[in-house]
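For reference, the chains in residue letters:
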Amino acid sequence: MTRRLTRNMVAAYLREIGIDYVLVPPRPGGETASTETPATAGGETLEEIRREILACRRCALCSGRSNVVFGVGNPRARLLFVGEGPGEEEDRQGEPFVGAAGRRLTQWIRRIGLARQDVYIANIVKCRPPGNRAPLPEEAAACLPYLRRQIRAIRPEVICTLGAVALNFLLGNNDRITRARGQWRDLDGIPLLPTYHPAYILRNATREHEVLADFDLLADRLRSG
Ligand code: URA
């Protein structure tokens, strides 16, 4: 039996296999539908933002960096993770979450049926704070406009902050992560779920079940979206 595929069926299938594809209906008047992707539609691309950041000298962190750690993943990801800032290994490789904490994050992502390439991973600051300290408020303030532009370019359906630093700087609050985790927030209309940082879980393994529950919430939200 041959079955006719509708646009919605194709879109649902592409989403299922990790391709976040938006079918643009034809405009009134019979014009051909635009094939522009969400990452470029009416805004700047991640590549444009990356080029600007590579030359960034907005704060003192630039003087210690080996590499700018811009972000990695699918430019049209439905799910965006936001961490704190690059550590030693991330600074060396120029990619976020590639050390021990990153390996744990990758396991959590896989557990909900996704791969690192399906999601997007970025940080509050793009250059390594010395000695792995948390970013200072002035460093975060200098770098946050880049993250906000990345969010506008990616247009994720869901954001997950990893740890208190990402939560507090991105939402501009002082909420305690132990209370905030697992509770949905809103960032300019985008649902945001705070959870613990994987480095914290490496030191506090008994709390990992809370993160796994939070990842189940993320998966549920993506399924229903
Ligand atoms: N911790 C973070 O918050 N970000 C990274 O990229 C690596 C470790």
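The coordinates are above.
These remarks concern the structure in this document. (Residues numbered from 1 in each chain as written. Predicted model: local features only at pLDDT ≥ 70, side-chain atom pairs only at ≥ 80, totals over all residues. Heavy atoms only, no water.)

## A closer look at the nonpolar core
Residues Ile-124, Ile-159 and Leu-170 are the most contacted members of the largest nonpolar core, which totals 29 residues. Sorting the residues of this core by element identifies helix 2 (46-54), strand 2 (79-83), strand 3 (120-123), helix 5 (137-154), helix 6 (164-171) and strand 6 (190-195) as the ones contributing at least two each. Considering each element in turn, this core owes the most residues, 8 residues, to helix 5. Setting aside chain neighbours within four positions, we find Ile-124 in contact with Val-82, Gly-83, Glu-84, Ala-140, Cys-143, Leu-144, Leu-147, Ala-166, Phe-169 and Leu-170. Counting 23 residues, the second largest nonpolar core, distinct from the first, contains Cys-160, Leu-193, Tyr-196 and Ile-201. (Core = buried A, V, L, I, M, F, W, Y, C linked by side-chain atoms within 4.5 Å. Buried < 20%, exposed > 50% of the residue type's maximum accessible area, 1.4 Å probe, protein only. Helix = DSSP H or I, 4+ residues; strand = E, 2+ residues; numbered from the N terminus. Contact = heavy atoms within 4.5 Å.)

## Some words on the site of the ligand
Neighbouring the ligand are the residues Gly-83, Glu-84, Gly-85, Glu-90, Pro-96, Phe-97, Asn-123 and His-197. Interatomic distance of 3.0 Å between a backbone N/O atom of Gly-85 and a nitrogen atom of the ligand. Separating an oxygen atom of the ligand from a backbone N or O atom of Phe-97 is a distance of 3.0 Å. Considered on its own, the ligand offers 240 Å² of accessible surface; in the complex 91% of this is hidden by protein. (Near = heavy atom within 4 Å. Polar contact = N/O pair within 3.5 Å; in protein donor to acceptor, adjacent residues only side chain to side chain. Areas by Shrake-Rupley, 256 points an atom, 1.4 Å probe, with all protein chains shown as cover.)

## Points about the packing of aromatic side chains
This structure, assessed with the given rule, holds 3 aromatic pairs. A centroid spacing of 5.5 Å and a plane angle of 15 degrees characterise the contact between Phe-81 and Phe-215, whose relative ring orientation is stacked. A residue pair is termed long-range when its members are at least 10 positions apart, and Phe-81 in strand 2 and Phe-215 in helix 9 (residues 208-224) qualify at 134 residues. The exposure class of Phe-81 is buried, given its relative accessible area of 0%. Three or more aromatic residues link up through ring pairs in this structure, and these residues are Phe-81, Trp-108 and Phe-215. (Phe/Tyr/Trp six-rings, centres within 6.5 Å; stacked < 30°, edge-to-face > 60°.)

## As for the pairing of strand 6
Counting buried positions along strand 6 yields 6 of 6 residues, so the element is predominantly enclosed. Of the two faces of strand 6, the one holding Ile-190, Leu-192 and Pro-194 and the one holding Pro-191, Leu-193 and Thr-195 are both buried throughout. Relative to strand 6, strand 4 (residues 158-162) is paired through 4 bridges, and the arrangement is parallel. Paired with Ile-159 across the two strands is Leu-192, which belongs to strand 6. In this antiparallel pair of consecutive strands, strand 5 (residues 185-187) and strand 6, the connection spans 2 residues, and Asp-188 shows a positive phi of 50 degrees. (Pairing = 2+ DSSP bridges.)

## Here's the deal with the environment of Leu-167
Within the fold, Leu-167 resides in helix 6. For Leu-167, a relative accessible area of 0% translates into the label buried. Linking Leu-167 and Pro-194, residues 27 residues apart in sequence, is a C-alpha distance of 6.4 Å. Here Leu-167 is in contact with Thr-161, Gly-172, Asn-173, Asp-175, Ile-177, Ala-180 and Pro-194, once residues within four sequence places are set aside.

## Overview of the sheet that holds strand 4
Strand order in the open sheet made by the 6 strands is 1-3-2-4-6-5, with mixed pairing throughout. Strands with a single pairing partner mark the edges of an open sheet, and in this sheet they are strand 1 (72-73) and strand 5. Where strand 1 lies against strand 3, 2 bridges are found, and the strand directions are antiparallel. Residue pairing for strand 3: Gly-73 is matched across the bridge by Tyr-120. Strand contacts of helix 9: strand 2, strand 4 and strand 6, with the helix running at about 165 degrees to strand 6, the strand carrying the most contacts. (Axes fitted to C-alpha atoms, helices over the stretch in contact; angles between N-to-C directions.)

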